Amino acid sequence: MLDYIVEKTNDFVMSKSKEARKSYGQFFTSKSTARFMASLFAIPCKDKVSILDPGTGSGILSAAIIEAINMLSPSIKEIELTCYETDIDTIPLLEANMEFLKCVSRAKLTINIVKDNYLLSQINDFSGNLMAACIQKKYDLVISNPPYFKLNKDAPEAASMPEVCYGTPNIYFLFASMSLFNLCEGGEMVYIVPRSWTSGAYFSRFRNYLLNYGKLTDIHIFTSRNKVFDNENVLQETMIMKVKKTCIAPPEVKITSSVDSENFDNITTLLVPYNTVVSGIEKYVYLATSQAETDVIQMVNAFQNPMPSIGLKMKTGLTVDFRNRDLLRNNFGESIVPLFYSHHIKNGKVIFPIGKKNEYISDELPSMVQFNRNYLFVKRFTSKEEKRRLQCAVYIAKQYPKYEKISTQNKINFIDTIDNSEMSEALVNGLYAVLNSTLYDIYYRILNGSTQVNATEMNSIPVPARNDLEYLGCKLMEFGDYSTEYCDKILEESIYAQKR
């Protein structure tokens, strides 16, 4: 059944240019991925089951779940499938594929192909309360590989779903929100999506919506970014999630992982406590793939003090240099201040100057300068190949006594006090000891799959209490070893002391 649909889809794909497919954000699901997604469902034991496939494309996912039901659920006598598709080039292929499914399905198969915008066709009843509207049809199962592209924040789909939108939304999480709305109570949805929604302020409303009205039961992670979609060179951190529409969280989430979309017979499996996977006020989702990573999450979360709760906050550097070229300078002088870049972060210390072009900037714009006081600088961007994601350096103001003010380029973050008071050297060094440790680097990689260090996320991560940070800083300053190995040693001692 599925083999036939995939064969016809491959013929269709080969007849189109990549540009034509990319223009509507659609990448067809591989056969192995489709079968795996269908296998995640707990098919209800009843005579008739209803299925929704929003953004159906050629019908690969529909075929996969129909195939699974026909093979594994003999009690089901009737299947009602609703497919949404708007692409005029794909619809003829979809219609032909659905006619084939009806002919070969063991169970009676009723198919409704809706040639309408999935989101806008439901939007009048979407109120932000999944229990409020009962007008729209509800489904037992939803399966989807949604389109992936950003919508204008004023687009009708986004404007009508303010409960889940923040800024410029990506259409994929609007699809997922609406699909959860379309599920009946106790129903299940399986989606293949980017992992970007699992953290950060940008997706906070979506996470709150999804995880309040539904609960994650299964997650699958692809460890390779370019081997998920057949016939495409798609660089994307991708995951499969299964969500059940319920207010009751399961005790554990099943997290599996594979290198690509062709090796589901060789996957790793991990059962992780639900409150370890979904954690904190922001409902970040931690994608642990081993027991060691689970232990890391639990050890860090045990501290319970995000930086703002102890009077500290990470901020993004103040100066976008390429937008202010007329203010940049090569030498220090009157009304000129140092401009610190990520290049100045070297082995835990700030080295300045280094003979770089435009190392100084005019102070005429107050929004781009800050007082010369103690900070912890942290690189915002690293490459995928670099050993560490968190790369930081201690900045001590007294080492640069001739500067009253400085500036920071926006490719670095800096940690400052919330009340603009001076951080002690011990506190800055203690922050360095924590963020330069292997424990926190692994934790951040689990939290965020990208190469960017996000200030909002960092401000939500628990750290030791302020007095403990100062103790760690004193140990670091006393020994003078800023290596990761030494940071690991003194932080580990601190964790054991806390447990005692």
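Our structure is the block above this text.
We now turn to the structure provided with this report. (Residues numbered from 1 in each chain as written. Predicted model: local features only at pLDDT ≥ 70, side-chain atom pairs only at ≥ 80, totals over all residues. Heavy atoms only, no water.)

### A short note on the sheet that holds strand E1 (residues 48-53)
- If you walk across this open sheet you meet the nine strands as E3-E2-E1-E4-E5-E7-E6-E8-E9, and the pairing is mixed. Single-partner strands in this sheet number two, and they are strand E3 (108-114) and strand E9 (268-273). The average undirected angle you get between the axes of adjacent strands in this sheet is 15°.
- Here strand E6 (residues 215-222) pairs with strand E7 (residues 238-244) via six bridges, running antiparallel. Of the residues in E7, the one forming a bridge with Asp218 is Lys242.
- Running at roughly 165° to strand E5 (residues 183-194), helix H8 (residues 171-182) makes contact with E1, strand E4 (139-144), E5 and E7 of the sheet. (Pairing = 2+ DSSP bridges. Helix = DSSP H or I, 4+ residues; strand = E, 2+ residues; numbered from the N terminus. Axes fitted to C-alpha atoms, helices over the stretch in contact; angles between N-to-C directions. Contact = heavy atoms within 4.5 Å.)

### What to know about the packing of helix H1 (residues 2-14) against helix H3 (residues 31-39)
- Running from N to C, H1 and H3 point in directions that differ by 140°, and their axes come no closer than 10 Å. Between H1 and H3, the interaxial angle falls into the category oblique. Handedness of the H1/H3 crossing: right-handed. In this structure, H1 uses Leu2, Asp3 and Val6 to contact H3, whose residues at the interface are Lys31, Ala34 and Arg35.
- Here the contact of H1 with H3 is built from residues that sort into three nonpolar, no polar and three charged. (Parallel < 35°, antiparallel > 145°, perpendicular 65-115°, else oblique. Left-handed = near helix turned anticlockwise from the far one by under 90°. Nonpolar A, V, L, I, M, F, W, Y, C, P; charged D, E, K, R; others polar.)

### Quick notes on the state of the cysteines
- Within this structure, the stated rule accounts for zero disulfides.
- Between Cys45, a free cysteine, and Cys184, which holds the nearest cysteine sulfur, the sulfur-to-sulfur gap is 14 Å.
- Overall, the relative accessible area of 78% leaves Cys45 in the exposed class.
- Cys392 forms no disulfide, and the closest cysteine sulfur to it belongs to Cys487, at a distance of 7.7 Å. (Disulfide = S-S within 2.5 Å. Buried < 20%, exposed > 50% of the residue type's maximum accessible area, 1.4 Å probe, protein only.)

### Let's talk about the sheet that holds strand E22 (residues 405-408)
- The strand order E14-E18-E15-E22-E19 describes an open sheet built from five strands, whose pairing is mixed. Edge positions in the open sheet fall to strand E14 (328-329) and strand E19 (370-371), since each of these has one partner strand only.

### Considerations on helix H9 (residues 204-213)
- Taken residue by residue, H9 has Phe206, Arg207, Tyr209, Leu210 and Leu211 as its buried positions.
- Against H8, E6, E7, helix H10 (274-277), strand E10 (278-279) and strand E11 (284-285) lie the buried residues of H9.

### Topic: the nonpolar core
- In terms of nonpolar packing, the biggest core is built from 136 residues, with Trp197, Leu216, Ile219, Met241, Leu376 and Tyr440 touching the most fellow members.
- With nine residues, H8 is the single largest residue contributor to this core.
- The contacts of Ile219, once residues within four sequence positions are left out, are Met239, Ile240, Val253, Lys254, Ile255, Thr256, Val277, Val285 and Leu287.
- Membership of the second largest hydrophobic core comes to 16 residues, among which are Phe340, Val350, Phe352 and Tyr375. (Core = buried A, V, L, I, M, F, W, Y, C linked by side-chain atoms within 4.5 Å.)

### A look at a negative patch on the surface
- A surface patch of like charges, here negative, comprises Asp326, Asp363, Glu364 and Glu404.
- A residue is classified by how much of its surface remains accessible, and Glu404, at 60% relative accessible area, is exposed. (Patch = residues over 30% accessible without salt bridge, like charges linked within 9 Å, V, L, I, M, F, W, Y side chains within 5 Å. Areas by Shrake-Rupley, 256 points an atom, 1.4 Å probe, with all protein chains shown as cover. Salt bridge = Lys/Arg side-chain N within 4 Å of Asp/Glu carboxyl O. Lys, Arg positive; Asp, Glu negative; His and termini not counted. Charge placed at Lys NZ, Arg CZ, Asp CG, Glu CD.)

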